[in-house]
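Residue-level structural notes
The chain contents come next:
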Amino acid sequence: MRKRLFFSIPVLFLMLLTSCNKEMGALDPSLFRVNPNPLVAKGGKVEAVVTGQFPEKYFNKNAVVKVTPVLRFADSEISSKSEVFQGEKVIGNDKQVMYKAGGNYSIKAAFDYFPAMNKSELFLDIEVTQKGKTYQLPSVKVADGVLATSELISTEPTEVGAALIPDKFQRIIKETQEADIMFLIQQSTLRSSETSSSDVVALTQKIKEAKDAENLQVAGLEVSAYASPDGGYKLNENLSKSRQDVTVNYLNREIKKLKTSVNIDSKFTAQDWEGFQKLMENSNIQDKQVILRVLSMYDDPEQREREIKNLSVAYKNIADEILPKLRRSRLQLIVDIIGKTDEEITRIAKANPSELTVDELLYAATLTTNVNEKIGIYKKAVELFPKDVRGYNNLGLIYYNNNMPDAKNYFEQALKLVPNSPDVNYNLGLLSMAAGEVDKATEYFGKAAGTTGSFGQALGTLYVKKGDYEKAKSSFSNASSNNAALTQILSEDYNAARRTLSGISAPDATTAYLTAIVAARTNDRDAVYTNLRTAVQRDSSYASRAATDLEFAKYFADSVFKSIVQ
């Protein structure tokens, strides 16, 4: 009996020792869940949470286990941050897992996105260190592929337009010249002191200039005759009408002397209460506010006049300072200054651009659709007018719109001239966004309020790149564009996405592809195939994308789908 007892003690010790040193076995994939699955690209990142379980009586008491999420694709792989767990007899600071009870855990996986990840597999690599020995457990596959729909966001010029700083060229510039002919109280006699005043002489001289100059043309001449509001209405009506007539007759005589013809429009105002109010508002007359209240309280002209005359002291000042200025005929001459024709500007821009003003030269660039001609004109504008920001900015815009180098160089030169220009900051923001420099783009767009560019489209695109779809939707507002529709798809607002896509004025391959995605997400098989065919017909590169795009995973085995993407 004693011999048997001594024999059993070493056997038990050996069994316990063997148990503590036994290598841990493979983990079943059913023990793991991944959210989201498939993985999703958002804001340039692929992030997921893997939840797992160590079964009861599995985790060796002396083991340290390192679990590393690894994304494998196309003969490459990329690892995320590892999580480390330890058995109950290990002295350390890692998360402890009990042998008998096992334990649940979660691991955050995060990767920078790039397109090769679309066809990929997420594994957990498991390394065990036990009593100084390190070994690998079989890797556990936990997810398939990356849904990269957000990466369809476009920074192309056709989707997010750059800002042109416009020229101020006007072919016809209207110039207005005015003069007043003053009359004595209750008279309509023209006085020579009035007809020979500098303003009246300058106005008639302008008519002569328009007659003699090829680029000047009288567009209108108007006479407005007035009487002051004191006196009866009938008296003032006749008086203002008479002042109108004598003024028009005088002008006709002067125009006849110039051997030209000008059509005169004329009108009269019997009692100029409007002019009276303006002069009162700008005066320092005593009781001014009282008089202005009278005007607001009474509409009847006679009642107004009685109330104002009751203010005896104030009325004397009104009669001396205000009323004489209302007894007049106002002359207004409008002359059109006619600029160069499009043909003239185009010819001079090619032959001798230095003869053009900066606005004429900038305008010349808008008259051609030839990219090289535009570049040549803007370069000449930069050379002739080096301190004008528009030449640099608009030259950069041509390079940007045509995906040519040097756009950044010209935008930066423009920014040196006008650091706070909304348009230049906006354009540099577009370049930064296209280069993936999201923080820099944010900084530039922060100074771009008021730009002539598509600011809402640009901000919406930027927010998608940041992964903030709610702000993106708000920025796009009611825009009908591929980027706006993509944002609605990412926000799972499929009805809105359909409306947006159907409202795009010039649908392209991306429009059709996005429509196919909406159809796939809403289980409309026929619409998937119809729109995929259209997308591939417009741009054959969409065939290879669709072939691995998890948006269409349920159709991968379908012969119709295969025929479209081959």
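Scoring rules and cut-offs
- Residues numbered from 1 in each chain as written.
- Predicted model: local features only at pLDDT ≥ 70, side-chain atom pairs only at ≥ 80, totals over all residues.
- Heavy atoms only, no water.
- Helix = DSSP H or I, 4+ residues; strand = E, 2+ residues; numbered from the N terminus.
- Rg over C-alpha atoms; globule rule 2.2 N^0.38 Å.
- Buried < 20%, exposed > 50% of the residue type's maximum accessible area, 1.4 Å probe, protein only.
- Contact = heavy atoms within 4.5 Å.
- Areas by Shrake-Rupley, 256 points an atom, 1.4 Å probe, with all protein chains shown as cover.
- Lys, Arg positive; Asp, Glu negative; His and termini not counted.
- Charge placed at Lys NZ, Arg CZ, Asp CG, Glu CD.
- Polar contact = N/O pair within 3.5 Å; in protein donor to acceptor, adjacent residues only side chain to side chain.
- Phe/Tyr/Trp six-rings, centres within 6.5 Å; stacked < 30°, edge-to-face > 60°.
- Axes fitted to C-alpha atoms, helices over the stretch in contact; angles between N-to-C directions.
- Parallel < 35°, antiparallel > 145°, perpendicular 65-115°, else oblique.
- Left-handed = near helix turned anticlockwise from the far one by under 90°.
- Nonpolar A, V, L, I, M, F, W, Y, C, P; charged D, E, K, R; others polar.
- pLDDT = per-residue confidence, 0-100.
- Pairing = 2+ DSSP bridges.

1. Brief notes about the overall build of the chain
For the chain, the count of helices and strands is 23 helices and 15 strands. The C-alpha atoms of the chain give 42 Å as radius of gyration, which overshoots the globular expectation for 566 residues (24 Å, by more than 25%). Structurally, the chain occupies a C-alpha span of about 150 × 65 × 50 Å along its principal axes. By the burial criterion, 44% of the 566 residues in the chain qualify as buried. Considering only contacts in the chain between residues 6 or more positions apart, those separated by 24 or more positions represent 65%. Accessible surface, the chain: about 30,000 Å² in total, of which carbon and sulfur atoms supply 49%. Positive and negative charge centroids in the chain, built from 71 and 70 side chains respectively, lie 7 Å apart.

2. What to know about the side chain of T368
Assignment of secondary structure puts T368 in the loop between helix 10 (358-365) and helix 11 (371-384). For T368, the side chain forms a polar contact with the main-chain nitrogen of N370, separated by 3.1 Å. Separated by 2.7 Å, the side chains of T368 and E373 make a polar contact. Residues in contact with T368, not counting those within four places in the same chain, are E373, K374 and I377.

3. Describing the environment of I172
On the secondary structure map, I172 appears in strand 12 (residues 172-182). For the pair I172 and V335, spaced 163 residues apart in the sequence, the C-alpha separation amounts to 9.6 Å. Discounting chain neighbours no more than four positions away, the residues touching I172 are D336 and I337.

4. Comments concerning the packing of aromatic side chains
Counted by the stated rule, this structure contains 18 aromatic pairs. With a centroid separation of 5.4 Å and 70 degrees between ring planes, the pair formed by F73 and F114 is classed as edge-to-face. Of this pair, F73 sits in strand 4 (residues 63-73) while F114 is found in the loop between strand 8 (103-112) and strand 9 (121-130), placing the two residues 41 residues apart along the sequence. Taking the relative accessible area as the measure of exposure, F73 reaches 6% and is therefore buried. The exposure class assigned to F114 is partly exposed, which follows from its relative accessible area of 34%. Aromatic side chains Y513 and F552 sit 5.6 Å apart centroid to centroid with 85 degrees between the ring planes, which places their arrangement in the edge-to-face category. With Y513 in helix 20 (residues 509-521) and F552 in the loop between helix 22 (541-548) and helix 23 (559-565), this residue pair connects regions lying 39 residues apart in the sequence.

5. Focus on the packing of helix 14 (residues 422-434) against helix 15 (residues 438-445)
One way to put it is that helix 14 packs onto helix 15 with a least axis distance of 8 Å and a crossing angle of 170 degrees. Comparing the axis directions of helix 14 and helix 15 gives the class roughly antiparallel. Viewed along their axes, helix 14 and helix 15 form a crossing whose handedness is left-handed. Contact with helix 14, carried on its side by N425, Y426, L428, G429, L430, S432 and M433, involves K440, A441, Y444 and F445 of helix 15 and no other residues of that element. A per-class count over the contact of helix 14 with helix 15 returns 7 nonpolar, 3 polar and 1 charged.

6. Notes on helix 18 (residues 482-490)
Burial within helix 18 is extensive, with 9 of its 9 residues counted as buried. Buried within helix 18 we find N482, N483, A484, A485, L486, T487, Q488, I489 and L490.

7. Some words on the confidence of the model for the chain
Residues at a pLDDT of 70 or more form 96% of the chain, whose mean pLDDT is 93. Contacts of residues 1-19 to residues separated by more than four positions or lying in other chains number 1 contact, the stretch itself having pLDDT below 50.

8. With respect to the sheet that holds strand 13 (residues 216-226)
Pairing in this open sheet of 4 strands is mixed, and the strands run 12-15-13-14 from one edge to the other. Two strands in the sheet have a free side with no partner beyond their single neighbour: strand 12 and strand 14 (264-269). Direction aside, the axes of adjacent strands within the sheet are offset by 15 degrees on average. With respect to the sheet, helix 3 (residues 198-212) is in contact with strand 12, strand 13 and strand 15 (328-338), its orientation differing from that of strand 12 by roughly 145 degrees. Of the strands in this sheet, strand 12, strand 13, strand 14 and strand 15 touch helix 4 (residues 233-257), which is tilted by about 160 degrees from strand 14.

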